[in-house]
Every structure is written in C-alpha cells, then in structure tokens.
Amino acid sequence: MIDSHSHIYSAEFDADRDQVVRRAREAGVTHVILPNENLASLERLAAMHERWPGYVSMTIGLHPEEIGPDYEHELEAMHRKLLAAACRYVAVGEIGIDLYWDASRRDEQMQALDTQLHWCKEVGIPFIMHCRKGLDECLAVFDNFGEPLPRGVFHSFTGTVAQVEAVRRRGDFYFGVNGIVTFKKSDVPALLPVIGLERILLETDSPYLAPVPKRGTRNESCNIPLVAACVAQHLGVSVDEVERATDAGVRDLFFNRREVPHYAGLQDD
C-alpha cells in the first residue's frame, strides 16, 4: 500500500526515523509521499529522499498555516527551487485554506493558493489540498482561476456529501482518507460510497490522526493497513481491492502524467 500523505520527515521522528521506515516496509507500505510545509522543511524532505531513494517522494508548497507576513518572499524562493528541479517534486503541496484557528490572513491564504495552483499548471504536476473551515474560500479561488484547473487531491477530507458534490463540480479530484475514518463518531464512513473507491487515496498524515486502536499515539506510515481495513469494511470489499484501487489512484495522479524517475512500489499489478 502507498501512504499518500505522511510527515515522517518532521522532528517528531528524529530519534527513530530509520525504525519508522523499517516498520512501514514490514507493514507492506511500498511508497510514501512527503507533503511539504514551508521553506525550511524542504531540507528535511531532501534528506529523506537522499536516504531512501525510490521509497519516498517529495512535494513543494507553503502550508496555509505557514502564511506569515513574509509569505510572498517564501513563495518566490520555493518557485525558484521548483523551476530549477521540477522533476524532483511530484506535487505542489500541501497548499490550501485553513481558517480553523485564525482567519486573519484569509485573503493572503487565498492569494497564496491561487499562486501555487498556477505553479501546478506551469510545470504539469497536481496539488495536495489542505482545506479546514475554508472550503468556500477554496472553491472561490477555483472559480476565479481563469483556466482549466490542475488535478489534485483533497487531503484528509471530512466534509459533507454536498461538499463532495461541490468539489466535483469543479473537477475530477481525489479525496484523502486517513485514521479519521476509524473514529467512533466520524462522518467519513458515510462519504466513502459517495466518493467511490476509485477516487480514494489512503494516507496517514503522520504523526497526526492515528487510527483506532492506536488513537492518541504518534501516527506512523505503518498504520496504513488499519485505514485500508476500515475502508474495506465500510465499502463491503476486500482489503486487496482497496489496495489495488488506491495505489492505482496514486500512480494516476502523481506519476503517470509526466516524466518522473522510477519509484519502487509504483508498478502496475
């Protein structure tokens, strides 16, 4: 299985990152996509990419919660890095809108999202969307984009059926499903049939959102099988079918539409 969204490059894993990767491999995780957060975190992604070539993939982008007073200069620096080595990155992300804790930079988040969506078009790669209490703003950016939207995935999607339909009216996007689907009071299971297995990507969002029965602990990529098993149960299909469909989705979105280096674990069955 492929973990399409994992922050195992973060400081929470500095003490045992080698063991974390080993546990992921032993659990059957064949590949991990690392979503970037800010300019500084790019060095951590690059270090993991060098340490485990072929096993992890990098993205580049400015997380909405990282939008500060100097965000335009940070975006400019990232843009230069992207253009200098576009083949190193499989997506622009994670980008988006997050107004959960602080809505004071709403306009700046929307501008940064628009800018980074244009990067996707410029270099021909998809986006990874972080959207928390900001779907209306995200869709407004989409509607004002002025040209066909790039492809992408709505990471950790926890919206409503109506919101799934609103997203789909803008394009044929994927939806990331993680440990939230296993939570007792989660509404995500009801969304699975609406989204459809062919548009689900499995993710952990490590170190956050550990699935039941590990909820409350540091999450790791090795917990992807728990997410897959829950998705399979709610959709009434086998875990193997979930694995095949979601891995095919990762290949389709991140790897099949541009020239990229070979990555282990991404071959067609």
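The preceding data block contains the structure.
Structural notes, computed from the coordinates. (Residues numbered from 1 in each chain as written. Predicted model: local features only at pLDDT ≥ 70, side-chain atom pairs only at ≥ 80, totals over all residues. Heavy atoms only, no water.)

A short note on the overall build of the chain
Where we set the bar: Helix and strand definitions here come from DSSP, where helices need a minimum of 4 consecutive H or I residues and strands a minimum of 2 consecutive E residues; each element is numbered from the N-terminal end. Here the radius of gyration uses the C-alpha set of atoms, whereas the globule reference equals 2.2 Å times the residue count to the power 0.38. Throughout, a residue-residue contact means that at least one pair of heavy atoms, one from each residue, lies within 4.5 Å. Charged residues are defined here as Lys and Arg on the positive side and Asp and Glu on the negative side; His and the ends of the chain fall outside this count. Lysine's charge is taken at NZ, arginine's at CZ, aspartate's at CG and glutamate's at CD.
In terms of regular secondary structure, the chain is built from 9 helices and 8 strands. In terms of overall size, the chain behaves like a compact globule, its C-alpha atoms giving a radius of gyration of 17 Å where 269 residues would be expected to give roughly 18 Å. C-alpha extents for the chain along the principal axes are approximately 45 × 40 × 35 Å. Intrachain contacts of the chain at a sequence separation of at least 6 include 74% that bridge at least 24 residues. Within the chain, one finds 28 positive and 41 negative side-chain charges whose respective centroids are separated by 4 Å.

Concerning the sheet that holds strand 5 (residues 127-132)
What counts here: Any two strands between which DSSP finds at least two bridges are classified as paired. As a rule, the C-alpha atoms of each element are fitted with a line to give its axis, helices using only the stretch in contact, and angles between N-to-C directions run from 0 to 180 degrees.
Read from one edge to the other, the open sheet built from 8 strands follows the order 1-2-3-4-5-6-7-8, with strand pairing classed as parallel. Each edge of the open sheet is held by one strand with a lone partner, namely strand 1 (2-3) and strand 8 (200-202). Sheet topology places strand 5 next to strand 6 (residues 152-154); 3 bridges connect them, and they run parallel. Across the sheet, the residue bridging to phenylalanine 127 is glycine 152, located in strand 6. The strands touched by helix 8 (residues 224-235) within the sheet are strand 1, strand 7 (174-177) and strand 8, with strand 8 carrying the most contacts at an inclination of about 150 degrees.

Notes on the state of the cysteines
Note: disulfide means a covalent bond formed between the sulfur atoms of two cysteine side chains. Just so we agree on the cut-off: Pairs of cysteine sulfur atoms within 2.5 Å are identified as disulfides in what follows. Categorising residues by exposure relies on relative accessible area from a 1.4 Å probe, with only protein chains included: less than 20% of the type maximum marks a residue as buried, more than 50% marks it as exposed, and the intermediate range marks it as partly exposed.
According to the stated counting rule, one finds 0 disulfides in the structure shown. Left unpaired, cysteine 120 is separated from the closest cysteine sulfur, that of cysteine 138, by 12 Å. According to the relative accessible area criterion, cysteine 120 is buried, its value standing at 2%. Residue classification places cysteine 138 among the buried positions, given a relative accessible area of 0%.

Structural notes on the pairing of strand 5
Consecutive side chains of a regular strand alternate in pointing toward one face of the sheet and then the other. Applied cut-off: Whether a crossover is right-handed comes down to one check: with the strands pointing away from the viewer, does the path from the first strand over the helix to the second run clockwise; if it does, it is right-handed.
Here strand 4 (residues 89-98) runs beside strand 5; their pairing, made up of 5 bridges, is parallel. Its bridge partner being in strand 5, isoleucine 95 is matched across the sheet by methionine 129. As a crossover connection, the stretch from strand 5 through helix 5 (residues 135-143) into strand 6 is right-handed.

Regarding the packing of helix 7 (residues 188-195) against helix 8
Formally: What sets the label is the angle itself: under 35 degrees gives roughly parallel, over 145 gives roughly antiparallel, 65 to 115 gives roughly perpendicular, and the rest give oblique. Throughout, a crossing is termed right-handed when the near helix is turned clockwise from the far one, and left-handed when it is turned anticlockwise from it by less than a right angle. Three categories are distinguished: nonpolar for Ala, Val, Leu, Ile, Met, Phe, Trp, Tyr, Cys and Pro, charged for Asp, Glu, Lys and Arg, and polar for the others, with Gly belonging to the last.
Where helix 7 contacts helix 8, the axes come no closer than 10 Å and their chain directions differ by 70 degrees. What the angle tells us is that helix 7 and helix 8 run roughly perpendicular. Remark: the crossing between helix 7 and helix 8 carries right-handed chirality. Across the interface between the two elements, Pro189, Leu192 and Pro193 from helix 7 touch Val231, His234 and Leu235 from helix 8. Its residues placed into classes, the contact of helix 7 with helix 8 shows 5 nonpolar, 1 polar and no charged.

Describing unusual backbone geometry
Leave glycine aside and you will find that most residues have negative phi; peptide bonds, for their part, are mostly trans. Cis geometry marks the peptide bond from serine 206 to proline 207, where omega comes out at 10 degrees. Structurally, proline 207 is set in the loop between strand 8 and helix 8. With an omega dihedral of 10 degrees, the bond running from valine 212 to proline 213 counts as a cis peptide bond. The backbone of leucine 209 sits at a positive phi, close to 60 degrees, despite the residue not being glycine. Within the fold, leucine 209 resides in the loop between strand 8 and helix 8.

A few points about the pattern of salt bridges
Opposite charge on two side chains makes pairing possible when the charged atoms of those side chains draw close. Selection rule: The working definition used for a salt bridge is a side-chain nitrogen of Lys or Arg within 4 Å of a carboxyl oxygen of Asp or Glu.
For the coordinates displayed, the defined rule picks out 13 salt bridges. Among the salt bridges present, the one from arginine 106 reaches aspartate 107, with a minimum N-O distance of 3.0 Å. Classification of arginine 106 as partly exposed rests on a relative accessible area of 33%. Linked through salt bridges whose partners overlap, the residues forming this network are Asp16, Arg23, Arg218 and Glu220.

Considerations on helix 7
Using the following cut-off: The reported arc concerns the directions from the helix axis to the C-beta atoms and nothing else.
Turning to helix 7, its buried residues are Val188, Pro189, Leu191, Leu192 and Ile195. Buried residues along helix 7 cover an arc of 150 degrees about the axis, so they all sit on one side. Away from its buried face by more than 90 degrees, helix 7 exposes Ala190 and Pro193. Once helix 7 ends, the next one or two residues include glycine 196, with phi positive near 90 degrees.

Observations regarding the side chain of threonine 59
Note the threshold: Pairing of N or O atoms within 3.5 Å defines a polar contact, subject to two protein rules: one partner must be a possible hydrogen donor and the other a possible acceptor, and residues neighboring in sequence count only if both atoms are side-chain atoms.
Turning to its location among the elements, threonine 59 is positioned in strand 3 (residues 56-60). Here the side chain of threonine 59 touches glycine 93 through a polar contact of 2.7 Å, landing on its backbone oxygen. When near neighbours in sequence (up to four residues on either side) are disregarded, threonine 59 contacts Ile33, Leu34, Pro35, Asn36, Leu42, Leu45, Tyr89, Val90, Ala91, Gly93, Glu94 and Ile128.

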